[in-house]
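Working through the structure, step by step
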Amino acid sequence: MTFKSILDEIENNLHKLLDDLSISDVEFSVEVAKPGFGDVSSNISFLLAKKLHKSPKDIAEMLSEQYLKCTSTLVEKAQAHPSGYLNFFANWGKLNQLILSESYLAEFGDVDIGQNTPIVVEHTSVNPNKALHIGHIRNIIIGDVVSRILKKVNYQVNVLNYVDDSGLQVADILVGFQHLGFSLEPSTGKKFDHYCGDDVYVKTTETYETDSSLEEIRKNTLKELEDGNSETAKFADTITRRVLANQLETCWNLSVSYDCLNFESQIIRSGLWNKIFEKLKEMNLIEFEDKEKNAGCWVIRGENKEEDKVIVRSNGTATYIAKDIPYAAWKLGLLEDPFNYEKYDKEQPHSKTLWQTTLNESSHISKNFSGEKVITVIDSRQARLQKIITSLMAKFKSTPDAYIHLGYESVTLSSETAKTLGLNADGKQTQMSGRKGLYVNADSVYDILKEKVKEETCKRHPEMTFSEIEKIAHHVSVGTLRYEMIKQDLDKIITFDLTKSLSLEGDTAPYIQYTHARASRILEKSNRVPSIVVDFSLFTEESEINLIKTIGLFDLKVRDAANNLSPKVIARYCHDLAVAFNSFYEHVKVLELDNKELENSRLCLVNSFKITLEKALELLGIIAPDRM
RNA sequence: GGGCCCAUAGCUCAGCAUGGAUAGAGUGUUGGACUUCUAAUCCAAUGGUCAAGGGAUCGAAGCCCUUUGGGCCCGCCA
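Residues numbered from 1 in each chain as written. Chains lettered and ligands numbered in written order. Predicted model: local features only at pLDDT ≥ 70, side-chain atom pairs only at ≥ 80, totals over all residues. Heavy atoms only, no water.

When its secondary structure is counted, chain A shows 21 helices and 17 strands. When its C-alpha atoms are laid out on the principal axes, chain A stretches across 85 × 65 × 55 Å. In chain A, which comprises 628 residues, the proportion classed as buried is 55%. Residue pairs in contact within chain A that sit at least 24 positions apart in sequence constitute 73% of those at least 6 positions apart. As presented, chain A carries roughly 28900 Å² of accessible surface, and 48% of it is formed by carbon and sulfur atoms. Each charge class in chain A can be summarised by its mean position, and for the 75 positive and 92 negative side chains these summaries are 2 Å apart. (Helix = DSSP H or I, 4+ residues; strand = E, 2+ residues; numbered from the N terminus. Buried < 20%, exposed > 50% of the residue type's maximum accessible area, 1.4 Å probe, protein only. Contact = heavy atoms within 4.5 Å. Areas by Shrake-Rupley, 256 points an atom, 1.4 Å probe, with all protein chains shown as cover. Lys, Arg positive; Asp, Glu negative; His and termini not counted. Charge placed at Lys NZ, Arg CZ, Asp CG, Glu CD.)

What follows is the structure, given as structure tokens:
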């Protein structure tokens, strides 16, 4: 029972009052009130104004009187506001108890939306030819937080990472290794993924400009890549596996994990495309074009004025988007699974098993990573192509919104940061480019942050051991980076600036983590476990009530975040919790009070805050240290 | 030419889905609070024609239309 109980109680009572007035079909709202307007507000009087031919104010007054006869356990009084709103004041003595005792339960904040149905969240999906940069990190963190939220609302979540190991970008670094003399071992001791991206990939694409003979080599390499038995494909496999392993290290370090890796090369070799191609033809979703510019191709007709999209070229090969169709159908469980599964050879943190697909017959393990619903996290530059996939899937599977493209705006570089990378951006923000070497690697950002946090922590706690500081610095830098990637809405471009984006003050993860450290310290110093049997009516301070109220909103926020696939809702909630606690901390003393009963109740509240914040932060994949 | 997205305080953003009260944070600037449960904190001041215009509504930052400015997408590349 949380704050939702009072909302439900009021809603039920208002419905009864409407029944008495023989009014139905009014969809009024019952919401958490704005500060200064009680605890709960309803717009019901505005909606009744027309029906009853009275002013909202009069109706609110009438309803507040009528409300007296309702059975209410959590509402102290209903009050009409001159504006017409109907405001409610909670009986905090009772609500305190409900919220605080609920917050101690393991399942606090759990909401059953998913009813344990399987759902796929696909994210990351970075070409295995380079290290992850800050733009990829946005994708990864959004995907990871969404999957955590969906788990919390009782979906059985399968997290997939699609490894595009046979595309042009991979061919490019192969050309570098095989024809431009790049050594397989970076001489500088660089991580292999950084070496491939920063050196091999950038130099190779640069060389294309001057050496036109490479173009032919590149094409052949790409062709050989698709034939699984070729030497090139085998070589590519060793390279991409090494890069992938490095990319995964970066992800794991940021507390991101997966359930299964899917390889594009295997999807191509599995023959799934032919099956789906036949199905598309049968269902008349694609047409053979016999004239004009797309003559000899299979196309999907554009809706309205949009252009047709070629799916199969006149030479019979499938295009980029076509390769996505069987994979999308596979994710929805619409195709017979051609894969066997094996464990990935390295262990993920928290010993969560990571599986990978294989076409190898010697493995006989079968698994099911498909979902009733699929959410694929891809930046909105791909919106056009994703729309085609989505509408195809809607025709394959009748449930509405079974296949969802969760789009988000990209991360750009501030002109100052672009300048440090050697580009004069003329005061404008710049799109990142792997090809041009214009990006900031995720590992570097983490390293810079960590150094900064270490320095700060050392200053504050000269007594701490090296390993303690190391641990704190890790959690704080991961938190900072993750929070930075999700605190704003998905449709906002993030302009990344090496100095500004790495702030540790204000609306940041360290601000939130710091309040957790404050709470932990109080509990630690109190030297005892607070007894939950307390007098809840002792909470009379505004900052206390406000903190309890905020704690009680947890499940409502989880519901909101899940329904809207909106990670930022939880990020903002964590911030709200921290603000409420800081206000409490500044206004109210907890330890060494004369009134021991009050001290115990406040300790309970601090503990409840700490538990709730930890749970909320867990949804963001952020760990708050006990000291910092 | 067609399509998608954005525009709210000097700067970065909440609020918009589901219209209703006094449009909120952070940051910046200025001033204040550490002998106290950790100052990565708190308090105060400052700062707004919610891009512009029109429409529907008793009522618009929010809904509809138009315009302007900015970003992105539109290959038999991937």
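Next comes the rest of the description.
Now for the protein's contact with RNA strand B. In the neighbourhood of RNA strand B, 60 residues make up the surrounding shell, with R313, R460, Y514, R521 and V588 lying closest. In the interface set of RNA strand B, defined as its atoms within 4 Å of the protein, sugar plus phosphate atoms amount to 60%. Between RNA strand B and the protein, one listed contact pairs a base nitrogen with a side-chain N or O atom of R384 at 3.0 Å. At 2.9 Å, a side-chain N or O of R518 approaches a sugar or linking oxygen of RNA strand B. The leading source of residues in the surface near RNA strand B is helix α17 (residues 509-526), at eight residues. Among the residues forming the surface near RNA strand B, the class breakdown is 21 nonpolar, 15 polar and 24 charged. (Near = heavy atom within 4 Å. Polar contact = N/O pair within 3.5 Å; in protein donor to acceptor, adjacent residues only side chain to side chain. Nonpolar A, V, L, I, M, F, W, Y, C, P; charged D, E, K, R; others polar.)

Along helix α2 (residues 44-52), the positions that sit buried rather than exposed are I44, S45, L48 and A49. Taken around the axis of α2, the buried residues stretch over an arc of 140 degrees, which confines them to a single face. Looking at the buried residues of α2, the elements they touch are α1 (3-20), β2 (40-42), α3 (56-66) and β4 (86-90). Downstream of α2 by a residue or two, H53 has a phi angle that is positive, lying close to 55 degrees. (Arc of directions from axis to C-beta.)

Ranked by size, the top nonpolar core spans 129 residues in total, and within it L14, I134, I137, L150 and L620 carry the most contacts. If sequence neighbours within four positions are ignored, I137 has contacts with L132, L254, A442, L481 and M485. (Core = buried A, V, L, I, M, F, W, Y, C linked by side-chain atoms within 4.5 Å.)

The end-to-end C-alpha distance of helix α13 (residues 383-396) is 20 Å, a good match for the 20 Å that 14 residues give at a rise of 1.5 Å each. What α13 keeps buried is the set L385, Q386, I388, I389, L392, M393 and F396. Viewed along the axis of α13, the buried residues span an arc of 155 degrees, placing them on a single side of the element. Turned more than 90 degrees away from the buried face of α13 sit R384 and A394, all of them exposed. Those residues of α13 that are buried are in contact with α11 (272-282), β9 (298-300), β10 (309-312), α12 (320-331), β13 (373-377) and β14 (403-406). (Expected span 1.5 Å × (residues − 1).)

By the definition in use, this model includes 40 salt bridges. Of the charged contacts in the structure, one is a salt bridge between R381 and D379, with a shortest N-O distance of 3.0 Å. Overall, R381 belongs to the exposed group, its relative accessible area being 57%. The shortest N-O distance in the salt bridge between K459 and E456 comes to 4.0 Å. Here the residue K459 and the residue E456 both occupy positions in helix α15 (residues 442-460), the gap between them amounting to three residues, near one helical turn. On the basis of relative accessibility, which here comes to 29%, the residue E456 falls in the partly exposed class. Salt bridges sharing partners connect three or more residues here, namely E287, E289, R301 and D308. (Salt bridge = Lys/Arg side-chain N within 4 Å of Asp/Glu carboxyl O.)

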